Amino acid sequence: MKNQIHYLLSLSIATIFFSACKYQVTDTYQFQVKDIEDHIITLSSDDFLGRMPFTEGEELTISYLVNEFENIGLEPGNGDSFFQEVPMVSILATPATEMIISSEKEKITLEGLKDYVIWTQRTDPSISFEDAELVFAGFGIVAPEYGWDDYKGLNVKDKIVVVLVNDPGFGTEDEAFFKGNTMTYYGRWTYKYEEAIRQGALGCLIVHNTIPAGYGFNVVQNSWNASKLYLDDRGKESYKLAFEGWITLPIANRLFEMAGLNEREMLAKARKVDFEPIPMNLKAASTIDVSASYNISKNVIAKITGKTAPDEVIIYTAHWDHLGIGKPDELGDSLYNGALDNASGTAALLAMAKAFKNDTQTDRTVAFLAVTAEEQGLWGSAYYAQNPIFPKEKTVANINMDGINPYGKMKDVSLIGMGQSSLEDILIEELDKVGRYASPDPTPSAGFYFRSDHFNFAKIGIPALYIGTGIDHFEKGKEYGKQLQDDYTAKYYHKPSDEYDPSRWNLDGAVDDVQLLYQVGRRLANDSKWPLWKPGSEFKAVREEYLNK
Ligand SMILES: [Zn+2]
C-alpha cells in the first residue's frame with residue numbers, strides 16, 4: 001500500500017514536472033493493446049504457415065504487410081515499391097566422413113561429426129584440400145580499438161587457421177580487458193570466419209570449448225550435413241573460405257600435441273597483445289560435395305518522409321519470417337507459429353507505423369523495414385546493410401524489435417548491449433519519465449547484441465538499439481518475471497507451441513515497451529543531432545571512418 005501511495009505521488013509530481021518540459025509523453029500517440037494484438041493473431045495463425053521464406057507463408061505475410069502499410073497511408077520505402085528483393089542460395093554441403101591430419105612423423109584420421117564439423121559457403125560442386133597447412137592464430141581477432149592483431153605478420157593464403165572460441169577477456173575476470181565476460185563481437189563464432197575471409201585464408205577451424213562457447217558440441221553438430229541459407233552474390237563474387245568449421249577440444253589438444261605445443265600455453269600466449277601466429281607444421285586433407293539452389297525472398301519497406309530533413313532516416317526493423325512447417329512436437333503439432341518470435345515484433349512495427357502516421361509529421365524520415373530470413377542467419381537485414389536503400393551516412397539510427405513483452409507490465413526493460421551507443425541515454429531518459437528503468441542484459445556472455453537484425457546495422461556503423469523484455473514484474477516482482485522468461489525458453493522458444501494464447505499472454509507491458517521505443521524514435525526524428533557509438537564499442541571506428549570524410 002505504501003508503495004502504491006508513493007507511486008501515485010511520484011506520478012502526480014511527474015505530471016506536474018513534465019507538463020513544463022519540452023517532451024510531453026502524453027502529447028504523442030498513445031498505443032493500445034488492440035494496435036498490436038490483432039496483427040499478432042493474424043500473423044501467427046495457422047493460415048500463415050509459420051511464415052517460412054520461399055513458401056506460400058511468405059506470400060501471405062508480405063502481402064499482409066504491404067496491405068497494412070497502404071491502409072495506414074505510408075509511402076513505399078523502395079522507390080515506388082514496398083519490396084526489396086533478397087536473392088539467396090541454399091547450400092547443402094556433404095563433407096567426406098574423415099579428415100586426414102599429418103605431421104612429419106605421424107598421420108591421424110579425424111572422424112567427421114564426432115571430432116569435427118565443417119561446411120562451406122562456396123557453390124563449386126566439389127571442394128577438396130590436401131597438404132593444407134595449419135596455423136594457430138590465437139583468437140583470430142583484429143581489433144583496432146584494443147591495438148590487437150592475431151594475424152600479424154602472417155600470410156594465410158592456402159592455409160587453415162585454428163582459432164580459439166570467444167575473446168581474450170573471457171574468463172580473466174578483468175572487465176577492462178576486452179569486456180571481461182561480456183562477449184564482444186570478436187568473441188562470436190561468425191566473426192572468426194569473417195576475419196579469416198578478410199585475411200584470405202583457405203579454411204578456419206574454431207576450437208570448441210563448452211564454457212566460453214556457451215553451448216555444447218551437440219549444438220555445433222546440428223550443422224553437419226544440413227543445408228544453410230546465404231545471400232546469393234553471383235555476379236559480384238566475394239572471397240569465401242573453402243570451408244568453415246569446428247573441432248572438439250580433445251582433438252585440438254591432440255593436434256597441439258602433434259605440433260609439439262601445449263593447449264594451456266597456447267591459451268596464455270593468445271591472451272597477450274604481442275601474440276604472433278604459430279605454424280603447427282601439420283597438414284590437412286579432406287573433401288566436401290556441394291549442391292546449391294537459388295531463390296528470392298523479400299524485405300518489406302515503407303516510410304513517412306520527413307518535413308525538414310527528409311534525407312535523414314530512422315529505421316525501425318522487425319523480422320517477419322519464422323520456421324514454417326517442421327519436426328512435429330510431442331503433441332504432433334508441426335506448424336511453427338512464431339507468435340512471439342516474431343509475429344509480435346512485426347505487429348509492433350505496424351503499430352509503430354500507424355502511430356507515426358497519426359501523429360504530427362516528424363522532421364526526419366522514418367522507415368519501417370520488415371526483414372526476411374532472420375532465423376537462418378539474419379540474411380534480410382544483411383542484404384539491406386549491403387544494399388542500403390537509404391545511405392548509411394544519412395541513417396541516424398536503427399531500432400529493432402524481435403519479440404515483445406507478453407507477460408504484463410514490467411518496471412524495467414532489458415538493455416541488450418549496454419554501453420554500446422548514446423541511444424541508450426535517450427532510452428533511459430524516456431524510461432525515467434514514466435518511472436521505469438533499464439536493467440543490464442541478464443546474459444551478457446551470450447552475445448545477444450549480435451544475434452538479431454539490428455546487428456547488421458551496427459556492423460556498417462549505424463547506431464542500433466535493441467531491448468528485451470524486463471523481469472521486474474509490476475505486481476509480482478523479479479523472481480516471477482525471471483521464471484516467466486525461463487519458461488518461455490524451455491517450453492515455447494522455436495517450438496510449435498509459440499502460439500498466441502490470450503490466457504497466457506498479457507500485452508499491457510508490450511504497449512509500454514512499444515510506446516517507449518516510439519518516444520525514442522520520435523525524439524531522434526525531431527532532432528538534428530546524431531547518436532554516437534560510445535568509446536570502446538567495436539562499431540565506433542566503422543562509423544567514424546565514413547562520417548568524418
Ligand atoms: Zn526472432
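Residues numbered from 1 in each chain as written. Predicted model: local features only at pLDDT ≥ 70, side-chain atom pairs only at ≥ 80, totals over all residues. Heavy atoms only, no water.

Asker: Explanation requested: the overall build of the protein chain in the structure shown.
Answerer: Secondary structure assignment for the protein chain yields 15 helices and 21 strands. Taking 549 residues into account, the globule formula puts the C-alpha radius of gyration at 24 Å, and the protein chain, at 24 Å, falls close to it. Taken over the C-alpha atoms alone, the protein chain extends approximately 80 × 50 × 50 Å along its principal axes. By residue count, 54% of the 549 residues in the protein chain fall in the buried class. (Helix = DSSP H or I, 4+ residues; strand = E, 2+ residues; numbered from the N terminus. Rg over C-alpha atoms; globule rule 2.2 N^0.38 Å. Buried < 20%, exposed > 50% of the residue type's maximum accessible area, 1.4 Å probe, protein only.)

Asker: Looking at this model, I keep getting lost on the packing of aromatic side chains. Mind explaining?
Answerer: Evaluation of the coordinates by the stated rule reveals 33 aromatic pairs. Relative to Trp-246, the ring of Tyr-215 lies with its centre 6.2 Å away and its plane at 70°, an arrangement referred to as edge-to-face. Residue Tyr-215 is located in the loop between helix H5 (210-213) and helix H6 (217-221), and its partner Trp-246 is located in strand E12 (residues 243-247); the two are separated by 31 residues in the primary sequence. When its relative accessible area of 22% is taken as the criterion, Tyr-215 is described as partly exposed. Put simply, the rings of Tyr-146, Trp-148, Phe-177, Phe-178, Tyr-185, Tyr-186, Tyr-191, Tyr-449, Phe-450, Phe-455, Trp-533 and Phe-539 pair up and form one aromatic cluster. (Phe/Tyr/Trp six-rings, centres within 6.5 Å; stacked < 30°, edge-to-face > 60°.)

Asker: Just checking my understanding: could you explain the confidence of the model for the protein chain for this structure?
Answerer: When pLDDT is low, close inspection of the predicted coordinates is not appropriate. For the protein chain, per-residue confidence averages 93 on the pLDDT scale, and 95% of positions sit at 70 or higher. When the criterion is pLDDT under 50, residues 1-24 qualifies, and its contacts beyond four places in sequence or with other chains add up to seven contacts. (pLDDT = per-residue confidence, 0-100. Contact = heavy atoms within 4.5 Å.)

Asker: Looking at this structure, I do not really get the coordination of the zinc ion. What am I missing?
Answerer: Think of it this way: four donors in a tetrahedron around the metal ideally sit 109.5 degrees apart, and six in an octahedron ideally sit 90 or 180 degrees apart. Within the first shell, the zinc ion binds the protein through His-319 (NE2), Asp-341 (OD), Asp-402 (OD) and Asp-402 (OD), at distances of 2.0 to 2.6 Å. Considering all four donor atoms around the zinc ion, the spread of angles at the metal, 54 to 152°, places the coordination shape in the irregular class. Sequence positions of the donors to the zinc ion reduce to the motif H-x21-D-x60-D. Taken together, the positions of His-319 in strand E14 (residues 309-319) and Asp-402 in the loop between strand E18 (395-400) and strand E19 (412-415) put the pair 83 residues apart, joining distant regions of the chain. (Donors = N, O, S within 2.8 Å, 3.2 Å for Na, K, Ca; no water. Tetrahedral: all angles 85-135°; square planar, octahedral: opposite > 155°, others 65-115°.)

Asker: In this structure, what is going on with the nonpolar core? I would like to understand it.
Answerer: A general trend in soluble globular proteins is that nonpolar side chains are found buried together. Core analysis: the largest hydrophobic core is formed by 98 residues, its most contacted members being Ile-101, Leu-134, Phe-136, Ile-160, Val-161, Ile-247 and Leu-255. By residue number, the principal contributor to this core is strand E13 (residues 278-304), which donates seven residues. Sequence-distant contacts of Leu-134, that is, excluding residues within four places in its chain, are made with Ile-101, Ile-160, Val-162, Leu-255, Pro-279, Met-280, Asn-281, Leu-282 and Ala-284. Counting 67 residues, the second largest nonpolar core, distinct from the first, contains Ala-347, Ile-426, Leu-427 and Leu-517. (Core = buried A, V, L, I, M, F, W, Y, C linked by side-chain atoms within 4.5 Å.)

Asker: What am I meant to see in the packing of helix H2 (residues 33-43) against helix H9 (residues 339-358) here?
Answerer: Geometrically, a packed helix pair is captured by the angle between its two axes and the distance between the axes. The contact between H2 and H9 brings their axes to 8 Å, and the two run at 135°. In terms of orientation, H2 lies oblique with respect to H9. Crossing geometry of H2 relative to H9 is assigned as right-handed. Note on element contacts: H9 touches H2 through Ala-339, Ala-343, Ser-344, Thr-346, Ala-347, Ala-348, Leu-350, Ala-351 and Lys-354, opposite Asp-35, Ile-36, His-39, Ile-40 and Leu-43. Looking at the contact of H2 with H9, its residues break down into nine nonpolar, three polar and two charged. (Axes fitted to C-alpha atoms, helices over the stretch in contact; angles between N-to-C directions. Parallel < 35°, antiparallel > 145°, perpendicular 65-115°, else oblique. Left-handed = near helix turned anticlockwise from the far one by under 90°. Nonpolar A, V, L, I, M, F, W, Y, C, P; charged D, E, K, R; others polar.)

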